[in-house]
Amino acid sequence: MSQDAARGRLALEEVVDLCLDDILMEVASIEDCLDRYPEHREALEPIPRTAMAFSELPMAAATTDPARRVTFMTALQETPQDARRRRLPSMGLPAGGGTWAGLWRGALLGVPAAALALVALLVVSTSNPGVASAATLTVFAGQVEQQVDDEWILAIDGASMPEGTILRTGSASRALVTFPDGSTATVDASTEVTLRRIAVGSTRTIEIDQASGRMWNDVVPVGSGDSYVVQTPHALISAHGTVFETFVDGVTAVRADAGLVRLSARGESVEVGPGQQATATVDSLVAATQATVTAQISVDAPAVAYLAAADGAATGALSTGVVFRQLPGVSTDNAGSDGNGQRFTLGDVSPGRYSLVVERISEGEGEVVIDTPAGRIVMPVPAGSGLSSVQVDVVEEDGERTVRAVEPEVRTVERDDTPGVRISEAARSRPGIDVAALAAARRADDPTTTAATVATP
Amino acid sequence: MSAAATDAAAAAAELQELQVRRLVDLAKQGDAQAFGHLYDRFHPEILRYLIVRVRDRDVAEDIAQQVFLKGWQAIPRYEHRGTPFRAWLYRMAHNQMVDHFRTTRPTTDLEGVDVPEESEADERLLTAETNGLLQDALARLSEDHRQVLVLRFLMEKSAREIGEIMGRKEVTVRGLQMRAPQALRREIEEMGGMP
């Protein structure tokens, strides 16, 4: 058969599939389809006509007989299940080769958690070529535990977390999960999550079950066939490449800081846009409303900047161009007060002391502007090259949060005096800013020509 | 369907898929109640498929019970990464039905199937003749063609879903869904055509 003939046959199969879909969904008639594909009319016509005649066959009502269900459940109680495959369920080791899985299991159960995680990484990374199925854990503060064989053991900073891993944080701990595509989820204090599915290859599927607590998700934009989903006891949250928070405590609250999030529950769904929040309970879904903004900090200078908490979690950009959003309640974009620079929006951010670190990428004047409901604070960025910093406190007064500068000025600092930023390798590879282009645009002293942007989902 | 409605349907489908996944995980651990929920969710659909295929409601009911009991036994070995759970059940139903036909002859009438009542006697007769002809022609086809016709045009599954159920590539199913109605038409014409 010639190539053209083969293409022609495939084309007809495709046409038949499209036609049948439309006819079965009642969005087109048989005649509509025949008119749509006149070149195939003769060959096509008998197929949907016969198929539709067949589809008219009577279908029996098929409801479950309650008496049969009772019989079935009784039989179920008396029927033993087959033995499970020998594998390491809690570590997500693949079952491929029962003997090997059994050997691994026997060998691994007695070794420390760090070695366990390392071997899990090796097995996972070689088991399914082209598809990455493990995340990386960064422990910022306190103890983080993972469940292994129904027991909670200490999770190791930097360890690989294969899909199926169950993690929980203590009341004073915080961790970051970095997925293979560079998306991150900050797991705040008193939070339990299951990394239900991680599959990053030609498409991305990331599914997280959040049982409790607070999570801050920074999702690399989702393309066709990709998904990033958080399931809670009350709702399903789907992201399309965005920054959003999920909070579970009797209800599920979602707040989007950039991009769109869909909150679905009880057969309904609402879109949550930037700066909006929505809530789902067991019996209701509350539409999106405007979320509270505690403060905005703008760095209007030829610089990149990041805001870091005392435990090292940070949100901002580095001079290498990497952009990261690890601090719950803090997002960043490049819309400063003059349309350039870098802006931090602080929403439901935890009280405490934070360091704003500013790194110049070229000469020129600049300032840090802190806008709060109580007023505006403007501080010049020191001249010259290098690093500068100012500390700010997020405080809660009378139920309201506000931001105050600890010092009255932005001071020049040495790198050793600044809080470091911890970024996993996968997050370094995600789209960031073109710092060279930003510097060049600044040197031209024409803000409108700035070609670089902080990557905003 | 609007884009918003399509998105909402997709979100609902995602939610259902995750709920099924959670129930399967619990059932894998021996949770009978979780498997009971899976039974409630999938039994009507599997039963409907079996009624169409074996054309005897009582037999279909018995096979469906066997399918779900075997499912309970085998679920500890089920892997999410393989076949979707719904397709896994369909495969078991199909295998169980084939086992049934190995030991018994298929019925050739619509015994046990609730045929909708028609108001006119002639129309009823014509409908019964047409249905009988279609069923007889179906019985003369290959198993692949029978399965595709039933899944695609009676159960309204997509080519992708049928591929998952039959363990075939989607492109193969597209070829089958084109050739199966052609084969059915040929059989009907050999039997003297539609009444």
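About the cut-offs
- Residues numbered from 1 in each chain as written.
- Chains lettered and ligands numbered in written order.
- Predicted model: local features only at pLDDT ≥ 70, side-chain atom pairs only at ≥ 80, totals over all residues.
- Heavy atoms only, no water.
- Disulfide = S-S within 2.5 Å.
- Helix = DSSP H or I, 4+ residues; strand = E, 2+ residues; numbered from the N terminus.
- Buried < 20%, exposed > 50% of the residue type's maximum accessible area, 1.4 Å probe, protein only.
- Contact = heavy atoms within 4.5 Å.
- Buried area = accessible area lost by both parts, 1.4 Å probe.
- Salt bridge = Lys/Arg side-chain N within 4 Å of Asp/Glu carboxyl O.
- Polar contact = N/O pair within 3.5 Å; in protein donor to acceptor, adjacent residues only side chain to side chain.
- Nonpolar A, V, L, I, M, F, W, Y, C, P; charged D, E, K, R; others polar.
- Expected span 1.5 Å × (residues − 1).

A. Highlighting the state of the cysteines. All names here are of chain A. For the structure shown, the criterion picks out 1 disulfide over all chains. Here Cys 19 is linked by a disulfide to Cys 33, with a sulfur-sulfur distance of 2.5 Å. Judged by the torsion about the S-S bond (-125°), the Cys 19/Cys 33 disulfide is left-handed. Of this pair, Cys 19 sits in helix H1 (residues 3-24) while Cys 33 sits in helix H2 (residues 30-36), placing them 14 residues apart in sequence. With respect to burial, Cys 19 and Cys 33 carry one shared label: buried.

B. Inspection of the interface of chain A and chain B at higher detail. Taken together, the 55 residues of chain A in the interface contact 67 residues of chain B. Summed over both partners, the interface of chain A with chain B comes to about 5800 Å²; 58% of that surface belongs to carbon and sulfur atoms. Applying the counting rule to chain A against chain B returns 11 salt bridges. One salt bridge in this structure joins Arg 152 of chain B and Asp 21 of chain A, with 2.9 Å as the shortest N-O distance. Across the contact surface, chain A and chain B share 18 residue pairs in polar contact (both at pLDDT 80 or more). Of all the elements in the fold, those that place two or more residues in the side of chain A that touches chain B are H1, helix H4 (46-55), helix H5 (66-78), strand S8 (192-200), strand S9 (204-218), strand S10 (227-231), strand S11 (236-239) and strand S14 (261-265) of chain A. Considering each element in turn, the side of chain A that touches chain B owes the most residues, 9 residues, to H1 of chain A. A breakdown of the residues in the side of chain A that touches chain B according to their chemical character gives 26 nonpolar, 13 polar and 16 charged.

C. Main features of the side chain of Glu 61 of chain B. Topologically, Glu 61 of chain B is positioned in helix H3 (residues 57-74). Polar contacts involving the side chain of Glu 61 of chain B include one to the side chain of Arg 68 of chain A, which spans 3.2 Å.

D. Region of interest: unusual backbone geometry. The residue Ser 190 of chain A is not glycine, and still its phi comes out positive at about 50°. Counting through the fold element by element, Ser 190 of chain A comes out in the loop between strand S7 (184-187) and S8. Look at Glu 156 of chain B: it is not a glycine, yet its phi comes out positive at around 55°. In this structure, Glu 156 of chain B sits in the loop between helix H6 (143-154) and helix H7 (159-166).

E. Representation of H3 of chain B within the structure. Residues and elements named next belong to chain B. For H3, spanning 18 residues, the distance from its first C-alpha to its last is 25 Å, which sits close to the expected 26 Å at 1.5 Å a residue. Every buried residue of H3 is listed here: Arg 57, Ala 60, Glu 61, Ile 63, Ala 64, Gln 65, Val 67, Phe 68, Gly 71, Trp 72 and Ala 74. At the N-terminal boundary of H3, the capping side chain belongs to Asp 56, with an oxygen 3.0 Å from the backbone nitrogen of Asp 58.

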